[in-house]
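Secondary and tertiary structure notes
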Amino acid sequence: MTENTPSTHTPEPRQVPDWIPAFPVLAPDSADLPPHHDHCLGCGPANPHGHQLRARRDAHGVHAHHRFDSRHVGAPAIAHGGAVATVLDELFGLLLYTVGEPAVTRHLAIDYLAPILLDTPYTLRAHIHARDGRKLHLQATIENDHAHVITTATALFLTVDVNHFLTHNTPPHTDNTP
Ligand SMILES: CCCCCCCC/C=C\CCCCCCCC(=O)SCCNC(=O)CCNC(=O)[C@H](O)C(C)(C)COP(=O)(O)OP(=O)(O)OC[C@H]1O[C@@H](n2cnc3c(N)ncnc32)[C@H](O)[C@@H]1OP(=O)(O)O
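Scoring rules and cut-offs
- Residues numbered from 1 in each chain as written.
- Predicted model: local features only at pLDDT ≥ 70, side-chain atom pairs only at ≥ 80, totals over all residues.
- Heavy atoms only, no water.
- Near = heavy atom within 4 Å.
- Polar contact = N/O pair within 3.5 Å; in protein donor to acceptor, adjacent residues only side chain to side chain.
- Areas by Shrake-Rupley, 256 points an atom, 1.4 Å probe, with all protein chains shown as cover.
- Helix = DSSP H or I, 4+ residues; strand = E, 2+ residues; numbered from the N terminus.
- Nonpolar A, V, L, I, M, F, W, Y, C, P; charged D, E, K, R; others polar.
- Buried < 20%, exposed > 50% of the residue type's maximum accessible area, 1.4 Å probe, protein only.
- Contact = heavy atoms within 4.5 Å.
- Pairing = 2+ DSSP bridges.

On to the site of the ligand, then. Near the ligand, the surroundings consist of 22 residues, among which D89, G100, R106, R134 and K135 are the closest. Within the contact set of the ligand, an oxygen atom lies 2.6 Å away from a side-chain nitrogen or oxygen of D89. One of the side-chain N or O atoms of R134 is found 2.8 Å from an oxygen atom in the ligand. Protein coverage of the free-state accessible area of the ligand, which is 1,400 Å², stands at 59%. When residues of the shell around the ligand are traced back to their parent elements, those giving at least two are α1 (81–95), β3 (103–112) and β6 (149–159). Here the element with the most residues in the shell around the ligand is β3; it accounts for five residues. The class makeup of the residues in the shell around the ligand is eleven nonpolar, five polar and six charged.

Attention now moves to the side chain of N144. Turning to its location among the elements, N144 is positioned in the loop between β5 (135–143) and β6. Given the relative accessible area of 19%, N144 is considered buried. A polar contact is formed between the side chain of N144 and the backbone nitrogen of H146, at a distance of 2.9 Å. Here N144 is in contact with Y122 and I150, once residues within four sequence places are set aside.

Among the eleven residues of β6, eight are classified as buried, and the element is accordingly described as predominantly covered. The pairing of β5 with β6 spans nine bridges and is classified as antiparallel. From the neighbouring strand, L138 faces β6, where its bridge partner is A155. Linking β5 back to β6 in an antiparallel pair, the connection comprises five residues, with A147 at a positive phi of about 65°.

Written out as structure tokens, the structure reads:
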């Protein structure tokens, strides 16, 4: 087949991963929410590079108790802002257990009000501020052990069909011409 011959290869349909249909809407008094899947960067117990975040539902949304460690260092003794963003994104991902539909991050905004120290306990909370069709407007905070809010975050998650996870979507406005 020459470079210009159109490909007639039809890719094998990918199977729906077990972890997608397995997501239930969990009761507010549930124990730790299950990880999205074992290797998830934010919550997977089998990912040695991950944050292994554990969260629970509560009356408002979800909360978690979490410590960053030396793997997440930015400035000495301070958590890297990207690591903090990962954990907040993950907390929002776990908040989806209150929604019952798959959704993904479209927009994430964070105010780092004070440094987050390594090996220090923090409480993270997230809730759904509003829903408008597919748009989930989410809010989160990180508090230190004096109940001072030191990080705030907002996110827009958009609900997606399961096919989102089965196809590699091309961005709608990508122009690859040189
Ligand atoms: C029973 C099930 C229960 C729960 C299930 C849980 C499932 C768990 C899922 C996953 C677990 C994995 C672990 C989670 C980890 C944490 C989450 C992540 O890190 S996710 C990865 C990072 N995110 C991406 O990779 C997305 C990449 N982006 C996309 O694929 C697309 O952009 C997508 C699908 C998000 C949206 O594309 P479009 O084409 O469908 O949507 P358009 O038309 O562009 O926008 C829809 C509406 O939103 C508005 N919109 C878009 N951006 C906006 C913005 N910044 N502000 C306000 N509105 C905005 C638009 O104006 C439009 O509004 P109008 O419908 O016209 O009213």
